[in-house]
Amino acid sequence: MNTANGPGSNAGWHLAHSYSQLPEALFTREKPLPVRFAALTMLNDPLAADLGLDADVLRHEGAAVFAGNELPPGADPIAQAYAGHQFGHFTTLGDGRALLLGEQLTPAGQRYDIQLKGSGRTRYSRGGDGRAVLGPMLREYLISEGMHALGIPTTRSLAVAATGESVLRDRPLPGAVLTRVATSHIRVGTFQYAAALGRPDLLAALLDYTIARHAPDLQQAEEPALAFLEAVVERQASLIARWMLVGFVHGVMNTDNMTVSGETIDYGPCAFLDVYHPDTVFSSIDHGGRYAYAQQPTIAQWNLARLAESLLPLVHGEQEQAIEKLVAILSTFPERYGQHHLAGARAKLGLTNQEADDADLYTSFLAVLQETEADFTASFAALAAQAEDQPGSLASPLAPAFAPWLARWRERLSREPVGPGEASRQMRAANPVIIPRNLRVEEALTAAEAGDLAPTLRLLEVISSPFCETAANEAYRHGAPAGSPAYCTFCGT
Ligand code: AMP
Ligand code: MG
């Protein structure tokens with residue numbers, strides 16, 4: 001394997017390795033397993049530029065790097081160890097098919113993990129083949145970039161490389177490697193792993209490292225473990241509220257799939273609501289609805305409780321008092337979540353001042369959505385268009401069942417300090433007209449699997465500007481036609 005002057009040597013790689021300064025119990029050095037025929041399928045030009053990478057050089061020479069056949073200069077790949085509660089059951093995991101090449105230091109002075117996903121077996125692969133397939137990697141690329149465009153913290157996707165190999169799932173499928181970019185890949189499960197090893201020194205090193213990387217202002221805190229838990233509780237409360245406000249269902253909120261940075265991670269069976277229903281589940285394996293849309297805040301708090309447990313050995317004082325302090329922080333989650341959610345709900349309804357009934361106004365809108373089986377995104381977008389309409393206007397694209405609610409909303413808007421023009425402008429900024437629609441994603445991936453990337457590229461372009469209504473995105477604004485079978489996603493990625 002060529003590492004010195006290989007492809008990408010002029011691309012602007014500037015890889016650092018702070019994570020591998022941690023005790024070796026937390027990772028393993030591994031090499032990507034070369035693939036038969038590397039070909040660059042997707043490259044994220046704007047993200048490359050932000051990372052200080054030259055997209056033109058990468059386009060010519062990057063396939064080998066993004067498929068794992070060549071290491072970029074300065075790479076020192078590791079597989080990270082972590083644990084996790086998967087559907088409530090504790091398991092020891094780790095990067096079973098991913099490798100961290102290093103941390104790219106950007107021209108703006110930021111540090112981003114560069115990770116290959118699908119790069120071959122590692123020490124943590126268990127029964128898996130270490131590989132990934134094209135459809136799900138393109139899916140992660142599309143949806144993560146769609147989330148980013150919606151303004152929601154997320155890991156990003158820099159590239160997808162095809163491997164020229166066939167990977168056996170329920171049938172042979174084209175292999176691919178995704179290059180994922182994150183402020184870090186430290187998960188709730190990373191802390192669970194360190195805690196499960198029963199070595200407080202390891203846990204303390206991980207906490208110090210994570211605080212230095214993600215919350216340096218907490219380094220002087222009296223009780224860093226508590227301050228850190230509070231920071232993660234706050235980030236997750238904000239993140240989950242953002243998901244709920246766009247109708248995003250993550251689908252597999254295991255503790256290994258929850259970052260401490262507050263970025264959305266691991267786009268497996270995730271999908272967006274079309275028709276609003278709080279119990280919506282897309283994942284074929286989530287039989288009990290554990291990760292249903294409306295369950296997400298509760299599950300987030302459950303996951304954060306696992307983080308709190310892991311931090312227990314680092315909290316000062318007697319165990320009983322330590323538990324009390326952790327629980328006190330954990331129990332702020334509902335309040336924090338509620339505040340983030342209400343702020344977002346007000347923005348969606350065009351409200352700038354605060355009234356006691358605002359949460360109820362939002363919930364009542366959802367109730368009408370549910371009753372009328374209306375589309376979540378399209379209904380909010382339609383509402384934004386109504387802010388400037390005169391009371392009693394018959395032009396509403398919302399069903400007649402919305403009339404009483406609309407009357408209440410208009411009355412509420414009349415007490416706003418801003419005029420209808422400004423309310424409408426704010427609503428348009430808070431209510432996307434475009435989300436990555438399930439039928440569009442499936443259509444794109446089916447074509448890509450058959451060798452036609454054009455629908456994926458078109459979809460990517462459309463979902464990259466989710467707040468503008470254009471002639472070109474009209475066809476991407478609708479959900480599945482009424483009467484379509486329920487959308488179902490699969491974990492077999
Ligand atoms: P996920 O469901 O993607 O969050 O993955 C859960 C765990 O399974 C992680 O430790 C992954 O690295 C591992 N994993 C998933 N797919 C594979 C695979 N094909 N080969 C090896 N490990 C895998
Ligand atoms: Mg995962």
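What counts as what
Residues numbered from 1 in each chain as written. Chains lettered and ligands numbered in written order. Predicted model: local features only at pLDDT ≥ 70, side-chain atom pairs only at ≥ 80, totals over all residues. Heavy atoms only, no water. Helix = DSSP H or I, 4+ residues; strand = E, 2+ residues; numbered from the N terminus. Buried < 20%, exposed > 50% of the residue type's maximum accessible area, 1.4 Å probe, protein only. Donors = N, O, S within 2.8 Å, 3.2 Å for Na, K, Ca; no water. Core = buried A, V, L, I, M, F, W, Y, C linked by side-chain atoms within 4.5 Å. Domains from an automatic or database assignment. Contact = heavy atoms within 4.5 Å. Buried area = accessible area lost by both parts, 1.4 Å probe. Salt bridge = Lys/Arg side-chain N within 4 Å of Asp/Glu carboxyl O. Polar contact = N/O pair within 3.5 Å; in protein donor to acceptor, adjacent residues only side chain to side chain.

### What about unusual backbone geometry?
Okay, step 1: The backbone phi angle of Arg126 is positive, close to 50°, even though this residue is not glycine.
Okay, step 2: Along the chain, Arg126 turns up in the loop between β8 (111-117) and β9 (132-133).
Okay, step 3: For Arg126, a relative accessible area of 51% corresponds to the exposed category.
Okay, step 4: The phi dihedral of Glu373 falls on the positive side, at around 50°, and the residue is not glycine.
Okay, step 5: Tracing the backbone shows Glu373 in the loop between α11 (358-372) and α12 (376-386).
Okay, step 6: Taking the relative accessible area as the measure of exposure, Glu373 reaches 60% and is therefore exposed.

### Some thoughts on the coordination of the magnesium ion (ligand 2)
In an ideal octahedron of six donors the angles at the metal are 90 or 180 degrees, and in an ideal tetrahedron of four donors they are 109.5 degrees.
Okay, step 1: At this site the magnesium ion (ligand 2) is bound by Asn257 (OD1) and Asp266 (OD), with donor distances of 1.9 to 2.2 Å. Comparing Asn257 with Asp266, the two get one shared label, buried.

### Description of the nonpolar core
Okay, step 1: If you look at the biggest cluster of nonpolar residues, it comprises 98 residues, and the most contacted ones within it are Phe191, Leu383 and Trp409.
Okay, step 2: Sort the elements by how many residues they give to this core and helix α7 (residues 224-246) lands first, with 16 residues.
Okay, step 3: Composition of this core by domain shows at least three residues from each of domain 1 (15-185) and domain 2 (186-433 + 477-493).
Okay, step 4: When residues no more than four places from it in sequence are discounted, the contact partners of Trp409 are Leu349, Leu361, Leu383, Gln386, Ala387 and Met427.
Okay, step 5: Counting 25 residues, the second largest nonpolar core, distinct from the first, contains Val35, Ala48, Leu53 and Val65.

### Considering the domain arrangement of the chain
Okay, step 1: When the domains of the chain are assigned, the result is domain 1 (15-185) and domain 2 (186-433 + 477-493).
Okay, step 2: Computed over C-alpha atoms, the centres of domain 1 and domain 2 are 26 Å apart.
Okay, step 3: Across the contact, 45 residues belong to domain 1 and 47 residues belong to domain 2.
Okay, step 4: Both sides together, the interface formed by domain 1 and domain 2 hides about 3800 Å², and carbon and sulfur atoms give 59% of it.
Okay, step 5: Broken down residue by residue, the surface that domain 1 buries against domain 2 is led by His85, Phe87 and Arg139, which jointly contribute 18%.
Okay, step 6: Here domain 1 is connected to domain 2 by 5 salt bridges.
Okay, step 7: Taken together, the links from domain 1 to domain 2 amount to 21 residue pairs in polar contact (both at pLDDT 80 or more).
Okay, step 8: Breaking the side of domain 1 that touches domain 2 down by element, the ones donating at least two residues are β5 (83-86), β6 (89-92), β8, β9, α4 (134-149) and β11 (172-182).
Okay, step 9: In terms of residues, the side of domain 1 that touches domain 2 owes the most to one element, α4, which gives 6 residues.

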